[in-house]
Amino acid sequence: MFSGTSNQTIDTKGRIILPAKFREELCDTVYVTSGFENCVQILSKEQFDRLREQIRALPADKALSLQYILISPATEVAVSSQGRVMIAQKLREDAKLSKDIVVVGMDTRVEVWDKEEFEKFIEKQKQESVKEALELLRL
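Below you will find a few notes about this structure. (Residues numbered from 1 in each chain as written. Predicted model: local features only at pLDDT ≥ 70, side-chain atom pairs only at ≥ 80, totals over all residues. Heavy atoms only, no water.)

**Some details on unusual backbone geometry**
Applicable threshold: Numbering goes from the N terminus for both helices and strands, where a helix is a DSSP run of H or I of at least four residues and a strand is a run of E of at least two. Any residue under 20% of the maximum accessible area for its type is buried, any over 50% is exposed, and the rest in between are partly exposed; the area is computed with a 1.4 Å probe on protein chains only.
We note that Cys 27 has phi near 75°; this positive angle belongs to a residue other than glycine. Among the structural elements, Cys 27 can be located in the loop between helix 1 (20-26) and strand 3 (29-34). Owing to a relative accessible area of 43%, Cys 27 belongs among the partly exposed residues under this scheme. In this structure, Asp 107 is a non-glycine residue whose phi angle is positive, near 70°. Position of Asp 107 among the secondary structure elements: in strand 7 (residues 100-107).

**Topic: the pairing of strand 4 (residues 40-44)**
The line we're drawing: Two strands qualify as a pair provided DSSP detects at least 2 bridges between them.
Among the 5 residues that make up strand 4, 5 are buried, leaving the element largely enclosed by the rest of the structure. Alternating positions in strand 4 separate into two faces, Val 40, Ile 42 and Ser 44 on one and Gln 41 and Leu 43 on the other, with burial throughout. Inspection of the sheet shows strand 3 paired to strand 4 by 5 bridges, in the antiparallel sense. Looking across to strand 4, one finds that Tyr 31 is bridged to Leu 43. Taking the residues between adjacent antiparallel strands as the criterion, strand 3 and strand 4 are bridged by 5 residues. Across 3 bridges, the pairing between strand 4 and strand 8 (residues 109-114) is antiparallel. Across the sheet, Val 40 pairs through a bridge with Val 112, a residue of strand 8.

**Quick word on the packing of aromatic side chains**
Any aromatic ring pair is given by two values, namely how distant the centres are and how the planes are angled relative to each other. Put simply, the test is: Two rings belonging to Phe, Tyr or Trp (six-membered ring only in the last case) form a pair when the distance between their centres is within 6.5 Å. Interplanar angles under 30 degrees mark stacking, angles over 60 mark edge-to-face geometry, and anything in between is tilted.
Following the criterion strictly, the structure yields 4 aromatic pairs and no others. Measuring from ring centre to ring centre gives 4.1 Å for Tyr 31 and Phe 48, while their planes differ by 5°; the resulting arrangement is stacked. Separated by 17 residues along the polypeptide, Tyr 31 in strand 3 and Phe 48 in helix 2 (residues 45-56) bring together distant segments of the chain. With relative accessibility at 2%, the residue Phe 48 sits in the buried group.

**Observations regarding the sheet that holds strand 3**
Sheets are built from strands paired through backbone hydrogen bonds, the pairs being either parallel or antiparallel. In plain terms, the rule: Convention adopted: a line fitted to C-alpha atoms gives each axis, helices being fitted over their contacting stretch, and angles between N-to-C directions are expressed from 0 to 180 degrees. We call two residues contacting when some pair of their heavy atoms lies within 4.5 Å.
The strand order 1-7-8-4-3-5 describes an open sheet built from 6 strands, whose pairing is antiparallel. Every other strand in the sheet has two partners, leaving strand 1 (2-9) and strand 5 (75-78) as the edge strands with one partner each. Direction aside, the axes of adjacent strands within the sheet are offset by 25° on average. Helix 2 rests against strand 3 and strand 4 of the sheet, and its axis sits at about 105° to strand 4. On top of the sheet, helix 5 (residues 115-128) reaches strand 1, strand 7 and strand 8; it is set at about 105° to strand 8, its chief contact.

**Let's talk about helix 5**
We apply this condition: Under the convention used throughout, the expected extent of a helix is 1.5 Å for every residue step, that is, one less than its residue count. Whenever two N or O atoms come within 3.5 Å, that pair is a polar contact, provided that in protein one can donate a hydrogen and the other can accept it, and provided that, for residues adjacent in sequence, both atoms are side-chain atoms.
Counted at 1.5 Å a residue, the expected span for helix 5 with its 14 residues is 20 Å, and the 20 Å between its end C-alpha atoms agrees. The N-capping residue of helix 5, defined by a side-chain oxygen 3.1 Å from the backbone nitrogen of Glu 116, is Asp 114.

So this is what it looks like as structure tokens:
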């Protein structure tokens, strides 16, 4: 399970350093793909295979849409001995990643956000969704 956030930078080659606690769980090879919002997600091989199976089980039109969005842009990436992961240029552009990023543990996946975009997203969530979710949890 991934949790926590880490402020990082992305180098000119598109590499980030994963926090040590994330590297241990992800192992030596990961899949890097589009996120559900303006971010990039990093998944272990096992989690990516599980995602593919879940997508295949959907009705064909829904499966095809998710395959285009999540499966086709995915790249298999080796984690370097220093814990660096390469993010493809197209994924960086789509997620609007600049030099300052945030690496976020999201239970079964890791997300990489542009720091400014992440702050805007969290503020929007606080205003729109969190109150309703807390009411459902009865907190």
